[in-house]
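# Structural features, examined
Next come the chains, spelled out residue by residue.
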Amino acid sequence: MAVALVVLVAVCMTANALRLRARLRALLPLPAHVAPMDPDQDYVLLTARDVHVPPHVARAAERHARENGLGLVDLLPRDLPVDDVLDLVRHTDVESYRADTFGMGRGACHAVLARRDAVSAAGIGEVSGLDPDELGAATARLRLYTGSADIVVARIEGHDQIAFRRARMRALALVIPQTLALPQTLLAMAAGYLLVVGSVALAPVMGALLAVWYCAVPWLVFAGTPVRPGNLRRVCLLRPIHVPVSLVRTLTAPRTRWERDLLARREEARTWYRAEIERGVGRFVGPRAEECPWCGSRRLRKHVTARDILQGKPGRFTLERCGDCGHVFQNPRVTAEGLAFYYKDVYDGLGDVLAERIFSSNTSWYLARAAMVSRATRRPRSWLDVGTGKGHFCRAARTVLPGTRFDGLDFGAAVEEGGRRGWVDHAYRGEFLVLAPDLAGRYDVISMHHYLEHTNDPLAELDAAAKVLPPGGHLLIELPDPESWFGGVLRGFWVPWLAPQHLHMIPLGNLRNALEQRGLEVVAEERREADQGPDFVASAAAVVNRLGLDVDRPWWPRVPGVREYAGVLGTIALAAPLMGAAVLLDLLTVPIARRNSNAYRVLARKNLG
């Protein structure tokens, strides 16, 4: 048994090494010599402290960017230390990164070439002498303004950035949440190390062979790749010592300037949250309604009690269901002051990067929405996306409908940021009900993707949409499905309830009838195509999140200490079996999921009469 375990560890170690090697082989090296040319004024070079980029390397990067239509090129030093390279490729598939124009930036945090207009639009002032984590944050953000990007191997000197490792990985937004980047990486390193040590103890001979192979694995990873870490030989020879030393150096490194700034903002927020919570969150709930807001029936009954599973803020929220029409709504409803409290730091502020990371990864849903419209009608000339946020949908939809003008409308400042990025052609900031009279007849298509469930009066929103659309215009709506089987099974931990943000959950039949009453004919419906992903896995992730995966939450009463960090480690240990069970349950319920989606999508056309 012990020998079989050692063999299994060796096989897994080898497979992972080959996976990382394939990613490294996808990196393109910049040519060593490039003919002199005039500097390209369209690009600017951002560099970390003590990093020097020779003129010929900068020219080669500029030529690579121009010839490939790139807005962002990260220069990965050819001799970058082993740990720094592995941190990047563990989280980044280079070929996928190059092909995906909608994700956030990635890089080695040494030097980045970016379009000058993108640097200006992103509000980046300093371009040299940056700390690696500051450059990492800039790299992640810049790609949102450039789209096309690449990581190339350059002949510049690589620096040991282990003192910035914790902050650098977080700044690059490599995982969700960002605070998990370091534990995930260090636990993987520690687990591999402990498996080797355990193998030596259980089966000395085979374990010793495994230890030798463990030392040789970095050589396998880098063999035949354009990257030649300066410390590769030393790491291979001394890996049993190198790994624990690397772990200790990472954990004991002093806080960086970028981290201290983030900490200051978090503690400022903690003071505000502590004051609000001490006043009691019960004041955020208004009086209970006696009638269904959809049909007016008084036959209401409790449907589910939910908590804030997105952020873990305190409070319990009741959703009631109408016995006549099946409409599910929050009752009693959270007040305007309460919604401000629960929305704070979700999509902006401290939650901005996390939200950006999530929305940037939902491209397939955005493309499916645009494709649904393109199948049903000629290419629209103008499209208004209501509740657009920063316009992630509009950005992706342009690839399906390149000749369409995409405008965005939202209540918050995010829509103006979308305008600066060029994702929306015109940004309307305000409430749709207020702005609707001035928008009448301007748009062939209006879309409301996961918007109506957030509004106080969804019927009024439909009235406004019907008035704005010209005859023959189309209205596209996507909503979570309160009739989903999974919602009944998972109860308060079903993610689409998303309390307290979701005020109304509208059954498909109710929406269809409401549209018809307003002179709109439903021309297409999609259920499985609108599915938001595996329900059990999402709920398990919500449970793990609520248990306290992110110690940085400023609505926790205490500044993070030993107890909180120990709790995170315990939560991570629990996450593996919980997520494994969730994956199994999702696989077992695939037949149900095929017939019972957690969301639906409806396209309606306004009648000509």
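Residues numbered from 1 in each chain as written. Predicted model: local features only at pLDDT ≥ 70, side-chain atom pairs only at ≥ 80, totals over all residues. Heavy atoms only, no water.

Here the focus is the nonpolar core. In terms of nonpolar packing, the biggest core is built from 75 residues, with L46, L75, L142 and F222 touching the most fellow members. If we skip the residues at most four places from it in the chain, L142 touches L46, L72, A114, A118, V119, A122 and I124. Within the second largest apolar cluster, 37 residues are counted, among which are C292, L384, L439 and A464. (Core = buried A, V, L, I, M, F, W, Y, C linked by side-chain atoms within 4.5 Å. Buried < 20%, exposed > 50% of the residue type's maximum accessible area, 1.4 Å probe, protein only. Contact = heavy atoms within 4.5 Å.)

Glancing now at a nonpolar patch on the surface. A cluster of nonpolar residues, I176, L310, Y347, I358 and F359, forms a patch on the protein surface that exposes about 370 Å² of accessible area. With respect to the helices, strands and loops of the structure, I358 is situated in helix 14 (residues 352–360). (Patch = residues over 30% accessible without salt bridge, like charges linked within 9 Å, V, L, I, M, F, W, Y side chains within 5 Å. Areas by Shrake-Rupley, 256 points an atom, 1.4 Å probe, with all protein chains shown as cover. Salt bridge = Lys/Arg side-chain N within 4 Å of Asp/Glu carboxyl O. Helix = DSSP H or I, 4+ residues; strand = E, 2+ residues; numbered from the N terminus.)

With that out of the way, let us pick up the pairing of strand 13 (residues 474–480). Counted residue by residue, strand 13 has seven buried out of seven residues, so it is predominantly covered. On strand 13, burial covers both faces: H474, L476, E478 and P480 on one face and L475, I477 and L479 on the other are all buried. In this fold, the crossover linking strand 12 (residues 445–449) to strand 13 by way of helix 19 (residues 458–468) has right-handed handedness. With seven bridges connecting them, strand 13 and strand 16 (residues 599–606) associate as antiparallel partners. Bridge assignment links H474 to a residue of strand 16, and that residue is R605. (Right-handed = clockwise from strand over helix to strand, strands pointing away. Pairing = 2+ DSSP bridges.)

Now for the pairing of strand 3 (residues 72–77). Buried residues dominate strand 3, accounting for six of its six residues. Alternating residues of strand 3 divide into L72, D74 and L76 and V73, L75 and P77, and every residue in both groups is buried. Relative to strand 4 (residues 111–115), strand 3 runs antiparallel, the two sharing four bridges. Paired with L75 across the two strands is A111, which belongs to strand 4.

Here we come to helix 3 (residues 82–91). Across the 10 residues of helix 3, eight count as buried, placing the element largely inside the fold. Where helix 3 is concerned, the buried positions are V82, D83, D84, V85, L86, D87, L88 and V89.

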